[in-house]
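Reading the structure
Each chain is listed here by its residues.
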Amino acid sequence: YLLPMIRLDWQPPITKALFMLFLINLFWPVLNLLPIWPLDGGKICREVLEAPFGYYGVIASLWVSILLSGALALQVLYNSWKPDHELIPYVSRWIPGGMWTALFFAMFCFSSVQALQAEHARRHRWDDELPWER
């Protein structure tokens, strides 16, 4: 997907291994910078939006994470069913498809929804009771 010009069918095993290591060391850091919450890019997005907007910046960063990870999960899942079609243009060239990748992004989407619910519960709790008095 990433470099379709290079064919590894007839290469020696060491060349295949080095190429796979190259792709892993190129692909994972770029993936880690996506603004999806548990990843580093999501933490950066949260800090950047929280500085000017406070609580609403945290909520906005979680919504960015939910929308992006959900869209990527749907794109990868749709691309695994119909390889010739794309929901989001140019994404299938950079993010390899498959059920595991779709589950990977769906897990991040679900995790961001849970973080959003926890953030709402934490911010909207108003009580003067101590935890053991509830």
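Above this note sits the structure.
Residues numbered from 1 in each chain as written. Predicted model: local features only at pLDDT ≥ 70, side-chain atom pairs only at ≥ 80, totals over all residues. Heavy atoms only, no water.

1. Digging into the overall build of the protein chain
- The helix and strand inventory of the protein chain stands at five helices and zero strands.
- Reading the secondary structure of the protein chain in the N-to-C direction produces α-α-α-α-α.
- Buried positions account for 29% of the 134 residues belonging to the protein chain.
- Put simply, 54% of the contacts in the protein chain that link residues at least 6 apart link residues at least 24 apart.
- Carbon and sulfur atoms form 69% of the exposed surface of the protein chain, whose accessible area is close to 9700 Å². (Helix = DSSP H or I, 4+ residues; strand = E, 2+ residues; numbered from the N terminus. Buried < 20%, exposed > 50% of the residue type's maximum accessible area, 1.4 Å probe, protein only. Contact = heavy atoms within 4.5 Å. Areas by Shrake-Rupley, 256 points an atom, 1.4 Å probe, with all protein chains shown as cover.)

2. Section: the nonpolar core
- Counting 11 residues, the largest nonpolar core consists of Phe27, Leu31, Ile36, Leu39, Leu72, Ala73, Val76, Ile95, Ala102, Phe105 and Phe108.
- Mapped onto this core, the elements with two or more residues apiece are α1 (13–32), α3 (55–81) and α5 (99–123).
- Setting aside its immediate chain neighbours within four residues, Leu31 contacts Leu39, Phe104 and Phe105.
- Val58, Leu62, Ala115 and Leu116 belong to the second largest nonpolar core, which has eight residues in total. (Core = buried A, V, L, I, M, F, W, Y, C linked by side-chain atoms within 4.5 Å.)

3. A look at the packing of α3 against α5
- At a minimum axis distance of 8 Å, the contact between α3 and α5 shows a crossing angle of 160 degrees. Taken together, the axis directions place α3 and α5 in an arrangement best described as roughly antiparallel. Crossing handedness for the pair α3 and α5: left-handed.
- Its residues placed into classes, the contact of α3 with α5 shows 19 nonpolar, six polar and two charged. (Axes fitted to C-alpha atoms, helices over the stretch in contact; angles between N-to-C directions. Parallel < 35°, antiparallel > 145°, perpendicular 65-115°, else oblique. Left-handed = near helix turned anticlockwise from the far one by under 90°. Nonpolar A, V, L, I, M, F, W, Y, C, P; charged D, E, K, R; others polar.)

4. Examining the pattern of salt bridges
- A complete count under the given rule lists two salt bridges for this structure.
- Glu119 is paired through a salt bridge with Arg46; the nearest N and O atoms lie 3.4 Å apart. Note that Glu119 is positioned in helix α5 and Arg46 in helix α2 (residues 40–53), a separation of 73 residues in sequence.
- You can call Arg46 buried: its relative accessible area is 16%.
- Residue Glu119 pairs with Arg122 through a salt bridge whose shortest N-O separation is 2.8 Å. Taken together, the positions of Glu119 and Arg122, both in helix α5 and three residues apart, correspond to about one turn of that helix.
- According to the relative accessible area criterion, Glu119 is buried, its value standing at 6%.
- Residues participating in the shared-partner salt-bridge network are Arg46, Glu119 and Arg122. (Salt bridge = Lys/Arg side-chain N within 4 Å of Asp/Glu carboxyl O.)

Honestly, it's all geometry; don't read function into it.
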